[in-house]
Amino acid sequence: MAAAIFAGIALFFSFQGSSVPLSSSEDRLVDSLLTLMTVEEKIGQMTLFTTDWEATGPTIREGYREDIRQGRCGALFNSHTAAFTRELQRLAVEESRLKIPLLFGYDVIHGYKTIFPIPLAEAASWDLEAIERSARVAATEAAAAGLHWTFAPMVDLTRDPRWGRVMEGAGEDTWWACRVAEARVRGFQGKGLGHTDAVAACVKHYAAYGAPTAGREYGTVDMSERFFREYYLPPYAAAVRAGAATVMTAFNDYDGVPATGNRYLLTDVLRRELGFTGFVVTDYTAINELVPHGVARNEQEAGELALHAGVDMDMQGAVFQQYLKASLEAGRVSMAQIDTAVRRILKLKYRLGLFEDPYKFCDPEREKRLILSAEHRAAARDMARKSIVLLKNEGQVLPLSRTARLAVIGPLADNKDELIGSWSAAGSGSDCVSLLEGLRATSRGVLGHAKGCELEGNDRRGFAEAIALAKKADVVVVAVGEAAYMSGEAASRTQLSLPGEQEALVEALAATGRPLVVVLMNGRPLAIPNVVERAAAVVEAWWLGTEAGNALADVLFGDYNPSGKLPMTFPRSVGQVPIFYNEKNTGRPFDPNSKWTSKYLDAPNSPLFPFGFGLSYTSFEYSLPTTSALTFRAGDTLRVSAQVRNTGDRAGTEVVQLYVRDQVGSVTRPVRELKGIQRIHLQPGESRTVTFTLTETDLRFYRRDMSFGSEPGAFDLWICSHSAHGQPVRVELQ
Ligand code: BGC
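Right, let's walk through the structure included here.

Turning our eyes to something else, we now look at the overall build of the protein. Regarding its fold elements, the protein presents 21 helices and 29 strands. Radius of gyration (C-alpha) of the protein: 27 Å, near the 27 Å computed for a compact globule of 734 residues. With the C-alpha coordinates of the protein rotated into their principal frame, the extents come out at 80 × 65 × 45 Å. Buried positions account for 62% of the 734 residues belonging to the protein. Of all intrachain contacts in the protein linking residues separated by at least 6 positions in sequence, the fraction that spans at least 24 positions is 77%. Carbon and sulfur atoms provide 49% of the accessible area of the protein, an area that totals close to 26,300 Å². For the protein, the distance from the average position of its 79 positive side-chain charges to the average position of its 87 negative side-chain charges is 3 Å.

Right, let's get into the pairing of strand β13 (residues 389-393). Burial analysis of β13 places five of its five residues in the buried class, which makes it a mostly covered element. Where β13 lies against strand β18 (residues 537-540), four bridges are found, and the strand directions are antiparallel. Across the sheet, residue L390 finds its bridge partner in β18, namely V539.

This part takes up the site of the ligand. Near the ligand you find 13 residues, and of these D107, R165, H205, D283 and E489 are the closest. Interatomic distance of 2.5 Å between a side-chain N/O atom of D107 and an oxygen atom of the ligand. Between the ligand and R165, the relevant distance is 2.7 Å, taken from an oxygen atom to a side-chain nitrogen or oxygen of the residue. Protein chains shield 93% of the accessible area of the ligand, which is 310 Å² for the free molecule. Split into classes, the residues belonging to the shell around the ligand amount to seven nonpolar, one polar and five charged.

This part covers the pattern of salt bridges. Considering all chains together, one arrives at 57 salt bridges under this definition. The partner of R271 in a salt bridge is D312, and the shortest N-O contact between them spans 3.0 Å. Here R271, found in helix α10 (residues 263-273), pairs with D312, found in the loop between α12 (299-309) and β12 (314-315); they are 41 residues apart in sequence, far enough to count as distant. Pair check on accessibility: R271 and D312 agree, each one buried. With a shortest N-O distance of 3.1 Å, K451 and E454 are connected by a salt bridge. For K451, a relative accessible area of 37% translates into the label partly exposed. The exposure class assigned to E454 is partly exposed, which follows from its relative accessible area of 44%. Linked by salt bridges that have partners in common, D127, R133, R381, D382, R385, K386, D554 and R679 make up one network.

Let's shift gears to empty space enclosed by the protein. Applying the stated criterion across every chain yields a total of four cavities of 30 Å³ or more. Within this model, the largest cavity holds a volume of roughly 110 Å³. Along the wall of the largest cavity there are 13 residues; nearest its centre are Q45, I68, G71, S96 and I100. Among the residues forming the lining of the largest cavity, the class breakdown is six nonpolar, four polar and three charged.

Two numbers describe how helix α7 (residues 128-144) lies on helix α8 (residues 174-189): the axes approach to 7 Å, and their chain directions differ by 35°. Between α7 and α8 lies a crossing whose hand is right-handed. On α8, the residues touching L128, I131, E132, A135, R136, A138 and A139 of α7 are W176, R179, V180, A183, R184, R186, G187, F188 and Q189. Of the residues that constitute the contact of α7 with α8, the class distribution is nine nonpolar, two polar and five charged.

Strand order in this open sheet of five strands is β6-β5-β4-β1-β12, and the pairing throughout is parallel. Strand pairing shows two members of the sheet lacking a second neighbour, β6 (149-150) and β12, which therefore form its edges.

Take unusual backbone geometry next. Residues A152 and P153 are joined by a peptide bond in cis, for which omega reads 10°. Position of P153 among the secondary structure elements: in the loop between β6 and α8. Each neighbour pair has its own omega, and for V577 with P578 the value is -5°, a cis peptide bond. As for its position among the elements, P578 is in the loop between α21 (548-556) and β19 (620-622). A positive phi is found at D255, a non-glycine position, where the angle reads about 50°. Within the element layout of this structure, D255 appears in the loop between β9 (253-254) and β10 (257-258). Given the relative accessible area of 52%, D255 is considered exposed. A positive phi angle is found at T285, which is not glycine, with a value near 55°. By the element assignment, T285 lies in the loop between β11 (279-281) and α11 (290-293).

What follows deals with the sheet that holds strand β15 (residues 446-450). On the basis of which strands lie adjacent, the open sheet formed by six strands has the order β13-β18-β17-β16-β14-β15 and mixed pairing. Here the strands that pair on one side only, and so sit at the sheet edges, are β13 and β15. Averaged over all pairs of adjacent strands, the angle between strand axes in this sheet comes to 15°, irrespective of strand direction. Bridge count between strand β14 (residues 406-409) and β15: four bridges; the pairing is parallel.

Per the counting criterion, the structure on display carries 22 aromatic pairs. Here F77 and Y284 contribute two aromatic rings whose centre-to-centre distance is 5.9 Å and whose plane-to-plane angle is 80°, an arrangement assigned as edge-to-face. Separated by 207 residues along the polypeptide, F77 in strand β4 (residues 75-77) and Y284 in the loop between β11 and α11 bring together distant segments of the chain. What makes Y284 partly exposed here is its relative accessible area of 36%. Taken together, a centroid distance of 4.8 Å and an interplanar angle of 80° make the contact between W149 and F151 edge-to-face. Take F151: its relative accessible area is 1%, and that puts it in the buried class. Put simply, the rings of W126, W175, W176, Y581, F611 and Y659 touch in pairs and so form one group of aromatic residues. If you follow R159 out to its NZ or CZ, it ends over the ring of Y231, 4.6 Å from the centre.

A few words now on the packing of helix α9 (residues 225-241) against α10. Running from N to C, α9 and α10 point in directions that differ by 60°, and their axes come no closer than 12 Å. On the basis of the axis angle, α9 is oblique to α10. Crossing of α9 over α10 shows right-handed handedness. When α9 is examined against α10, the residues E225, F228, R229, L233 and V240 are found in contact with a partner set consisting of Y264, L265, V269, L270 and E273.

Reading guide: rules and limits
Residues numbered from 1 in each chain as written. Predicted model: local features only at pLDDT ≥ 70, side-chain atom pairs only at ≥ 80, totals over all residues. Heavy atoms only, no water. Helix = DSSP H or I, 4+ residues; strand = E, 2+ residues; numbered from the N terminus. Rg over C-alpha atoms; globule rule 2.2 N^0.38 Å. Buried < 20%, exposed > 50% of the residue type's maximum accessible area, 1.4 Å probe, protein only. Contact = heavy atoms within 4.5 Å. Areas by Shrake-Rupley, 256 points an atom, 1.4 Å probe, with all protein chains shown as cover. Lys, Arg positive; Asp, Glu negative; His and termini not counted. Charge placed at Lys NZ, Arg CZ, Asp CG, Glu CD. Pairing = 2+ DSSP bridges. Near = heavy atom within 4 Å. Polar contact = N/O pair within 3.5 Å; in protein donor to acceptor, adjacent residues only side chain to side chain. Nonpolar A, V, L, I, M, F, W, Y, C, P; charged D, E, K, R; others polar. Salt bridge = Lys/Arg side-chain N within 4 Å of Asp/Glu carboxyl O. 1 Å grid on protein atoms, 1.4 Å probe; cavity = no way out; pocket = protein on both sides within 12 Å on 5 of 7 lines; lining within 4 Å. Points joined across faces, edges and corners; volume = space filled by probe spheres on them. Axes fitted to C-alpha atoms, helices over the stretch in contact; angles between N-to-C directions. Left-handed = near helix turned anticlockwise from the far one by under 90°. Phe/Tyr/Trp six-rings, centres within 6.5 Å; stacked < 30°, edge-to-face > 60°. Lys NZ or Arg CZ within 6 Å of the ring centre and 35° of its normal. Parallel < 35°, antiparallel > 145°, perpendicular 65-115°, else oblique.

Structure, rendered in structure tokens:
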């Protein structure tokens, strides 16, 4: 059947003669199809609708079925499973006039059914191979369930933990966000589109969605062009360079123009500068939102603005579907613009192999075999262990002894549903291993479990039971944090404390005098100095996904020595936000002895935990860095080295970090900038010389005249354990 569609189209093409430009079979097919399509069918390819959700799984409204049959809708999202996508695909390729296959998208952000840690947690692993593998597993499962396209990676740089979507990205650093973006694109797209274990990536949300004013969701973004190009743009550019097939526009405005109607962003920068050749989809109803943004008088005008800006596909808003033909007839948009968009969309369908076999991704056997397979669960457990960050470990309370009597307390201790976090696709809490289950599977010492309190509300009636249990124990493990719904989209918070009575619970447990191990489960940096002070140990467990409990048990009992480090600064209070390591020095840098310097009256400038920070069960000592030369010039490779020694009595992995500071520039430069990391594994007593290479190109930035390049002069270089550690060595770029 499918081959017949292809052959029919190819045959049709052969009658078109040489008026159609020929370059490849892909172009030939697409161009010949375009000549067959009505305006409505073209606009249909530019239209993406969601299917609905019922307890039994995804469903679809009759109206949308009819849209598919009539060729008025070329792509769907939230439709998954081999059976359901096959049923819908059949409508397109058997009941529509031109039989153009549908494209199925979904938010497969950190796993399809086997859920991996939230992306912010994965970024804390500093392990690109593991991050790529995580995306690979997600793609393999998604593609087996009929999906072609994931709305990921989200690569928005985030410096404000009030914004709920910090959980979806790689944190605050541009260099690291670029590396993670590339790894995720590689992971999703695998050996290439068309393989049945690869899905097309969608880089989002272009652009600068991660910087809403005051951290409030969907808020205005206003920043200098320099700031945008230096910090916020590079991760999108990196994902595009890595081959991401599609890009999603952002909801926010940028410099007064909403991203979805922003020709500068979507055409000048994305297409002309970055060379992006795939298609651009809007975020959910983002074209319609140009009206409340106040840049279009009505939806028809909004659609025109979006098309002129460079949008190819309208997600859910039906603006193109309803108004684009009228705009064409009125001469306000051209057929050439529509054809360009349709061509880009059809090309992706072609590359995925859908014209050859529209059902190639709907294979129930593959779906059954791969989803939640032992191999995928093992990868999720490995990623989860690597994502855990040990923030405090006083008196070496961790790792726990298997014979210690443990009280396991807290609203998240025996919870499964929250563990998959936000954007958990088809994941289900029922497939998760809870912390309590993980601990019980590893040790017989668990005395019992008490919730103590709920995640929210002000009920302390459970405290007494929790305290009584704690008093019987050698060590108290308390799992506290946020509910999954508190991070992700539309989940901004003004408080970064633990909600409800959880901080009071921690205080009450600390008052028993038993050593307290606080396990945090949350989607953002938290400002919890009191909790940290009262705890003997603090373990940042984020939302670790399906294998959370097993991974936590591995770490808490020392079968896995933690090595994660923070990809975002943890503030002491909301008042410090936005707080990030690579700030500028200012003309009056902080001086504790002078009032008239850049500081607060009521709190230190320093964070609760700096960017890049994380402990291990062993300790590492760093020598001062040395360089292969004291001066260097463009074209030279400078080697920067330091000795790192494992000074403890366990083998451990250390994430060694390289930072740079440009002492004098034509514009102010950050006090430190991350330029590289290496994960090294050292046996007790073992030393290793860690060497990074730097060239002049690593020192480039947007200079006073906005040209991108380096400037000669002095640079300080650190090789260190986190962004507030180490002594620099100085070199001169000539
Ligand atoms: C989100 C996107 C997501 C889309 C489709 C929007 O609300 O901002 O990130 O991909 O919905 O679910």
